[in-house]
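Survey of secondary and tertiary structure
Listed below are the residues making up each chain.
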Amino acid sequence: MVELKEERYSTNQRILLHACCAICSGYPISFLKESGYDVIVYFYNPNIYPESEYYRRLEAEIKLCEYFNTDLIIGDYNTADYYDFVKGLENEPEKGLRCVKCFEYRLNKSALKALELEINNFTTSMVISPHKNYDKLTSIGKSVAQKYNLNYLSYNFRKNDGFLKTNKISYELNLYRQDYCGCQFALNKI
Ligand code: SF4
């Protein structure tokens, strides 16, 4: 496993960064680049509902990646597969079992994309959000990585005021800000 400590270090390795949205991925992109990684952003979020919201968030991600001059791969918006995966958990509260499956689904697909591109390292911007369970995300990331013989970078982007920094980037770039996590189940509970 690649483990970044508090201090930064340089590496020339490539890393696939699963981006859940532009707000959360600004600081991770900046941090990983400054740490010496060649960052490839993977926007893979078939959980987002409705479709118009998906495209608003994707547009913001495109703007962010242009700003950082970072490669962006746009995953499929295969909502039917996603709904199958979380079937039976529709009424779970946010932070409950549906969210665990949602993490698993997106991290597994991200690992498969990394394998396809022969990128050994992957991680996710989801960990920067104080609304997400870092330990749960990390344990899923590591177990998915083990399955495919990849490295999951378990750095906590929340450290060193990461959440403040990512928000600052988003305000400076005037990025679209959503007010719910993403899926229709979370939206219906607002
Ligand atoms: S609330 Fe967020 S993390 Fe949970 S299932 Fe919905 S989109 Fe996924």
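Placed above this text is the structure.
Described below are features of the structure shown in this document. Note that the structure is a prediction, hence the values are computed from the model and not measured. Residue numbers here run from 1 along each chain, matching the order of that chain's written sequence. Only residues with pLDDT of 70 or above have their local features reported here, since the model is predicted, and side-chain atom pairs are shown and tallied only from 80 upward, although totals for entire chains, interfaces and linings are computed over all residues. To get the side-chain values, all heavy atoms of the structure are used, and hydrogens and water are removed first.

**Some thoughts on the overall build of the protein chain**
Note the threshold: Labels follow the DSSP assignment, with helices taken as runs of H or I lasting at least four residues and strands as runs of E lasting at least two, numbered in each case from the N terminus. For this measure, only C-alpha atoms enter the radius of gyration; the expected value for a globule follows 2.2 Å times N^0.38, where N is the number of residues. Burial status follows relative accessibility: with a 1.4 Å probe on protein chains alone, a residue under 20% of its type maximum counts as buried, one over 50% as exposed, and anything between as partly exposed. By the convention used here, residues are in contact when the closest approach between their heavy atoms is within 4.5 Å. Areas reported as accessible are Shrake-Rupley estimates using a 1.4 Å probe. Residue values count occlusion only from the protein chains shown.
For the protein chain, the count of helices and strands is seven helices and five strands. Written out in order from the N terminus, the α and β elements of the protein chain read β-α-β-α-β-α-α-β-α-β-α-α. Radius of gyration (C-alpha) of the protein chain: 15 Å, near the 16 Å computed for a compact globule of 190 residues. Once the C-alpha set of the protein chain is aligned to its principal axes, its extents read approximately 45 × 40 × 25 Å. The proportion of buried residues among the 190 residues of the protein chain is 53%. When contacts within the protein chain are restricted to residue pairs at least 6 apart in sequence, those whose partners lie at least 24 apart make up 76%. Only carbon and sulfur atoms are counted for the fraction: they give 47% of the accessible area of the protein chain, which is about 9,200 Å².

**So, the sheet that holds strand β2 (residues 38–43)**
Note the cut-off: By definition, two strands form a pair when at least two bridges between them are found by DSSP. Between N-to-C directions, angles span 0 to 180 degrees; the directions come from axes that are lines fitted to C-alpha atoms, helices contributing only their stretch in contact.
If you trace the five strands from one edge of the open sheet to the other, you get β3-β2-β1-β4-β5, paired in parallel fashion. Both edges of this open sheet fall to β3 (71–74) and β5 (151–152), since each of them pairs with a single strand only. Strand direction decides the pairing type here: β2 and β3, joined by four bridges, are parallel. Bridged to Val41 within β3 is Leu72. Taken strand by strand, helix α1 (residues 22–34) contacts β1 (14–19), β2 and β4 (121–124), and its axis lies near 175° from that of β1.

**Brief notes about the pattern of salt bridges**
To keep things clear, this is the line we draw: Whenever a carboxyl oxygen of Asp or Glu lies within 4 Å of a side-chain nitrogen of Lys or Arg, that contact is scored as a salt bridge.
Applying the stated rule across the entire model yields three salt bridges. A salt bridge links Arg57 to Glu53, with the shortest nitrogen-to-oxygen separation between them at 2.7 Å. With Arg57 and Glu53 both in helix α2 (residues 51–68) and four residues apart, this pair spans about one turn of that helix. In this structure, the salt-bridge partner of Lys113 is Glu116, at a minimum N-O distance of 3.1 Å. Within this pair, Lys113 and its partner Glu116 are both found in helix α4 (residues 97–116), separated by three residues, close to a single helical turn. Under the relative-accessibility criterion, Lys113 is labelled buried at 16%.

**Quick look at the pairing of β2**
Every other side chain in a regular strand lies on the same face of the sheet, so the side chains alternate between the two faces. Using the following cut-off: Handedness of a crossover: with both strands directed away from the viewer, a clockwise path from the first strand across the helix to the second marks it as right-handed.
By the criterion of burial, β2 is predominantly enclosed, with five of the six residues buried. When β1 meets β2, the two strands line up parallel, connected through six bridges. Paired with Leu16 across the two strands is Ile40, which belongs to β2. One crossover worth recording links β1 to the parallel β2 by way of α1, and it is right-handed. This β-α-β element, β2 to α2 to β3, shows right-handed connectivity.

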